[in-house]
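Structural overview
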Number of protein chains: 2
Amino acid sequence: MTQKKQAIQPNHFVVIMAGGTGTRFWPYSRKSRPKQFLDILGTGKSLLRITYERFIPVCNPENIFIVTNQEYADLVEEIIPEIATEQILLEPVKKNTAPCIALASYKIRKKNPDAIITVTPADHMIFQEDKFFKALSVARDGATDQGKLITIGIRPSRPETGYGYIQYIPGKEVLKKVKTFTEKPEAGLAQKFLESGEFVWNAGIFIWHVNAIIDALNHCLPEIGEVFEEIQNEFYTDGEEKAIFNAYSQTKNISIDYGVMEKAPNVYVVLGSFSWSDLGSWNTLHELSEQDTEKNVVKANAILYDTEGCYVQAPMDKLLVVKGLKNYLITENEKVILICPKDDEKAFKDFTIDVKKQKGDEYL
Amino acid sequence: MTQKKQAIQPNHFVVIMAGGTGTRFWPYSRKSRPKQFLDILGTGKSLLRITYERFIPVCNPENIFIVTNQEYADLVEEIIPEIATEQILLEPVKKNTAPCIALASYKIRKKNPDAIITVTPADHMIFQEDKFFKALSVARDGATDQGKLITIGIRPSRPETGYGYIQYIPGKEVLKKVKTFTEKPEAGLAQKFLESGEFVWNAGIFIWHVNAIIDALNHCLPEIGEVFEEIQNEFYTDGEEKAIFNAYSQTKNISIDYGVMEKAPNVYVVLGSFSWSDLGSWNTLHELSEQDTEKNVVKANAILYDTEGCYVQAPMDKLLVVKGLKNYLITENEKVILICPKDDEKAFKDFTIDVKKQKGDEYL
């Protein structure tokens, strides 16, 4: 078993990024309970819980940190009651992934200057965990070299336009030097990426020595590095909360991909062949969920007529009667009903903006 | 003004039939509050209230009777608080319109053996009331002849397939002898009816002397006539409720159209040119309601995108976000959400049957 091969090492740390607001799944996912805190796959466990448990066989539970917005502190404690309060790092404002990773990295370095950190989103799905652990093990071994920023790339199975791609320099090394990062490509380009064999999906999972990421932050995003250098003496003291608040009010809003990974010269990728999904759209969720003979995913008390390829989700105390819809999403919470063509991903992003503008915050 | 011409006569009575369960508008109309008790047109008044008020200028309010199921007694009193309890006739079970009319007729005859009764559904809509009153006046005059059953027919403005038709013998008389009643015709036939000029829509409004309808019941539906002949001595006594219960348990379930009007030899029609609608379908309601520039009728707190010709109805505390629907009904109550092509009238009839079978009574 892979678990046996993965000895739990005291230097191994995991940072779970759980601060997203999940607007693409609104109104199922609401601002008060975003996607990562929902049992979106119907497994009985929230995505954050699944992610946390995934690392238990390969990381000392005391070394698992969760970074989230302070608004969600109670949700994290509800979902992972066994975690210590100091393992939950609270962000006073949402500033994307670079400040989140900076905060976790500086805090962990103070605890263990030899830490090898795995950074992972809280709301992605990994199947075939054995294969994931294998790639993770390779990456962690590589990360002992303090000069490398390592990411895990997924061998693409289709010309997906919803993911970012990583191009690497082919060769026999298990750690492959990265040439370029590409944001979500057009269909034609995605097809070329797939055919070239030199591109993998960017899973947003990073593995690095704590010194490697802190060096990279200071080189690529010096204004962020500076801010956290300044406050590090306050960590694990009574002044920490105020110091973090001050740091976040100065730091800019930027992703680690854009701010560091696309710029740093020392980025490597380990190829993984496990199944992975960012669960980034209703369509993705529909594909991964159990479907009935009409390809409907029904997580509701519903009667459907002439209805195919739909995702139907509502609290069980409400009866949904639906006739004549193809490939629609129908979702309801106590405040909102949403009906929309399931593959209209742009629409799902826009809804919360329009609702906020036209109706105010109460429905978000 | 027509009202002035219509002297209120002590012999004039009105019977409002308000016992329907309104399944075609489920779930907006529920078994606990069917269509006639709802403000379905958004005027601030329920259809029953509108119907009741329509007759106030032309009938002594003490002579207006409302027949409904005993389940709805409280609703009638809520909607028409000024009416006396004895003017609300309660049916212990639903047995269609013939027993309803028999009950009202025998009760009214005991009060006034010279009564001229207008029978009307509670849930239809009449615009241009002046024209209606004119037709009513002609019909009432004709009904003093105790040998005539008179109905009001609406000159058709289109080859409607949702209504019943009455064929009459053309001529100059204002009371035209009826040749045939036809249930909802196919489109081709409806077109021929329209072109012939000899057909009018059956508005379900009847005017007759109380003796005329009681004679007709005894001839055409003797088993119903007998039952009410037997219990008439109990009316206005303490034994009335029990007697009506017994009568209804014996009487058959049959409409006045099928049981009497289609069989009796002495049926006449007065032509009316007022606007009338039976408000019998969501499509009809959509046509009669105020529409926005995309032909949507929105009686809800909603944001619509790429949505046309829809009828959207929900409590205002819920936000509906809808994209990409054409000609659908979307309606919600506290227990049910229904989404269906708006013109699928058969479907609306079937839903309550299926829901009762699959999910039980709680959603009806």
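Note that the structure is predicted; figures quoted are calculated from it, not measured. Just so you know, the residues in each chain are numbered from 1, in the order the chain's sequence is written. To label them, take the chains in the order written and letter them from A, then take the ligands in the order written and number them from 1. At least 70 in pLDDT is required for a residue's local features to be given in this predicted model, at least 80 for side-chain atom pairs to be given and counted, and no such filter applies to totals for whole chains, interfaces and linings, which use all residues. In computing side-chain values, all of the structure's heavy atoms are included and hydrogens and water are not.

**Things to note about the overall build of chain A**
To be explicit about the condition: Strands here are runs of E lasting at least two residues and helices are runs of H or I lasting at least four, both read from the DSSP assignment and numbered beginning at the N terminus. For this measure, only C-alpha atoms enter the radius of gyration; the expected value for a globule follows 2.2 Å times N^0.38, where N is the number of residues. The classification of residues rests on relative accessible area computed with a 1.4 Å probe and restricted to protein chains. Under 20% of the type maximum is buried, over 50% is exposed, and intermediate values are partly exposed. Should any heavy atoms of two residues lie within 4.5 Å, those residues are considered in contact. Throughout, the Shrake-Rupley method with a 1.4 Å probe supplies accessible areas, and for residues the shown protein chains are the sole cover considered. Charged-residue counts in this description rest on Lys and Arg as positive and Asp and Glu as negative, His and the chain ends being excluded. Every charge is mapped to an atom, namely NZ of Lys, CZ of Arg, CG of Asp or CD of Glu.
Helix and strand counts for chain A stand at 12 helices and 17 strands. The globule rule puts the C-alpha radius of gyration for 364 residues at 21 Å, and the 21 Å found for chain A is close to it. Oriented by its inertia axes, the alpha-carbon framework of chain A measures out at about 60 × 50 × 40 Å. The 364 residues of chain A split such that 58% are buried. A separation threshold of at least 6 residues defines the contact pool for chain A, and within that pool the share at least 24 residues apart is 67%. Summed over all atoms, the accessible surface of chain A reaches about 15,200 Å², with 49% contributed by carbon and sulfur. Charge centroids of chain A, computed over 43 positive and 50 negative side chains, lie 3 Å from each other.

**Notes on the interface of chain A and chain B**
Stated formally: Put simply, buried area is how much 1.4 Å-probe accessible surface two parts lose in total, over both of them, once they are put together. Salt bridges are defined as contacts in which a side-chain nitrogen from Lys or Arg sits within 4 Å of a carboxyl oxygen from Asp or Glu.
Listed per partner, the contact involves 35 residues of chain A and 35 residues of chain B. Of the roughly 2,800 Å² buried between chain A and chain B, counting both surfaces, carbon and sulfur atoms make up 60%. Contact with chain B buries surface across chain A, with Lys323(A), Ile337(A) and Ile339(A) losing the most and accounting together for 23% of the total. At the junction of chain A with chain B, the criterion picks out four salt bridges. Residue Lys318(A) pairs with Glu332(B) through a salt bridge whose shortest N-O separation is 2.5 Å. At the level of elements, β13 (301-305), β15 (319-323), β16 (328-332), β17 (336-341) and α12 (345-359) of chain A are the ones that each hand at least two residues to the side of chain A that touches chain B.

**Some remarks on helix α2 (residues 47-55) of chain A**
Residue and element names in this part refer to chain A. Where burial is concerned, most of α2 is hidden: eight out of the nine residues are buried. Turning to α2, its buried residues are Leu 47, Leu 48, Arg 49, Ile 50, Thr 51, Tyr 52, Arg 54 and Phe 55. The inward-facing, buried residues of α2 contact β1 (12-17), β2 (64-69), α3 (73-79), β4 (116-121), β5 (125-126) and α5 (129-143).

**Describing the sheet that holds β13(A)**
Paired through backbone hydrogen bonds, the strands of a sheet run either parallel or antiparallel to each other. Keep this limit in mind: At least two bridges found by DSSP between two strands is the condition for calling them paired. Axes, fitted as lines to C-alpha atoms, cover a helix only where it is in contact. Angles between the N-to-C directions of the axes lie from 0 to 180 degrees.
In space, the six strands of this open sheet follow the order β13(A)-β15(A)-β17(B)-β16(B)-β14(B)-β12(B), with mixed pairing throughout. Edge positions in the sheet fall to β13 of chain A together with β12 (297-299) of chain B, since each has one partner strand and no second. In this sheet, adjacent strand axes meet at a mean angle of 5° when their direction is disregarded. As paired elements, strand β14 (residues 311-313) of chain B and strand β16 (residues 328-332) of chain B share three bridges and run parallel to each other. Looking at the pairing, Val312(B) lines up with Ile330(B) of β16(B). Sitting on the sheet, helix α12 (residues 345-359) of chain B is in contact with β13 and β15 of chain A together with β16 and β17 (336-341) of chain B, with an inclination near 140° to β13(A).

**Thoughts on the nonpolar core**
Among soluble globular proteins, nonpolar side chains are generally buried collectively. Using the following cut-off: The nonpolar core is taken to be a set of buried Ala, Val, Leu, Ile, Met, Phe, Trp, Tyr and Cys residues, with the residues joined through side-chain atoms within 4.5 Å.
Ile117(A), Leu149(A), Trp208(A), Phe228(A), Ile256(A) and Val260(A) are the most contacted members of the largest nonpolar core, which totals 50 residues. It is helix α4 (residues 97-111) of chain A that provides the largest number of residues to this core, a total of eight residues. Leaving out residues up to four positions away in the same chain, Leu149(A) has contacts with Ile207(A), Trp208(A), Ala212(A), Ile213(A), Ala216(A), Val260(A), Met261(A), Ala264(A), Asn266(A), Val267(A) and Tyr268(A). Membership of the second largest hydrophobic core comes to 49 residues, among which are Ile117(B), Val210(B), Ala243(B) and Ala264(B).

**Section: the relation of the copies chain A and chain B**
For clarity, the threshold we go by: Superposition of the copies was done by least squares, using only C-alpha atoms of residues whose pLDDT is at least 70 in both.
Each copy superposes on the other: chain A lies on chain B with an RMSD of 0.1 Å after a rotation of 180° and an axial shift of 0.1 Å. The superposition of one copy onto the other is thereby described by a two-fold rotation axis. Of all interface residues in chain A, 100% are interface residues in chain B too; the two copies therefore contact each other through one and the same surface.

**As for the sheet that holds strand β14 (residues 311-313) of chain A**
Reading across from one edge, β12(A)-β14(A)-β16(A)-β17(A)-β15(B)-β13(B) is the order of the six strands in this open sheet, with mixed pairing throughout. Both outer strands of the open sheet, β12 (297-299) of chain A together with β13 (301-305) of chain B, are each paired with one neighbouring strand and no more. Neighbouring strand axes in the sheet, compared pairwise and without regard to direction, differ in orientation by 5° on average.

**Focus on the environment of Trp208(B)**
All names here are of chain B. Within the fold, Trp 208 resides in strand β9 (residues 199-209). The sequence separation of Trp 208 and Asp 141 amounts to 67 residues, and the corresponding C-alpha distance is 9.6 Å. Setting aside chain neighbours within four positions, we find Trp 208 in contact with Ile 101, Ala 115, Ile 116, Ile 117, Val 119, Ala 143, Lys 148, Leu 149, Ile 213, Ile 256 and Met 261.

**Describing the pairing of β17(B)**
Residue and element names in this part refer to chain B. Across the six residues of β17, six count as buried, placing the element largely inside the fold. The side-chain alternation of β17 yields two buried faces, one formed by Val 336, Leu 338 and Cys 340 and the other by Ile 337, Ile 339 and Pro 341. Pairing geometry for β16 and β17, over five bridges, is antiparallel. In the sheet register, Tyr 328 faces β17, and the bridge partner there is Pro 341. Hairpin connection from β16 to β17: three residues lie between these consecutive antiparallel strands.

**What about the packing of helix α8 (residues 222-231) of chain B against helix α9 (residues 240-250) of chain B?**
Residues and elements named next belong to chain B. Selection criterion: Orientation labels follow simple angle bins: below 35 degrees gives roughly parallel, above 145 gives roughly antiparallel, 65 to 115 gives roughly perpendicular, and whatever is left gives oblique. We call a crossing left-handed when the near helix sits turned anticlockwise from the far one by less than a right angle, and right-handed when that turn is clockwise. For this scheme, ten residues count as nonpolar: Ala, Val, Leu, Ile, Met, Phe, Trp, Tyr, Cys and Pro. Four count as charged, namely Asp, Glu, Lys and Arg, and the remainder, Gly too, count as polar.
Two elements in contact, α8 and α9, have axes whose closest approach is 10 Å; the angle formed by their N-to-C orientations is 165°. By the criterion of interaxial angle, the relationship of α8 to α9 is roughly antiparallel. Classified by chirality, the crossing of α9 by α8 is right-handed. The segment α8 lies against α9, with Val 227, Phe 228 and Ile 231 engaging Ala 243, Ile 244, Ala 247, Tyr 248 and Gln 250. Class assignment for the residues of the contact of α8 with α9 results in seven nonpolar, one polar and no charged.

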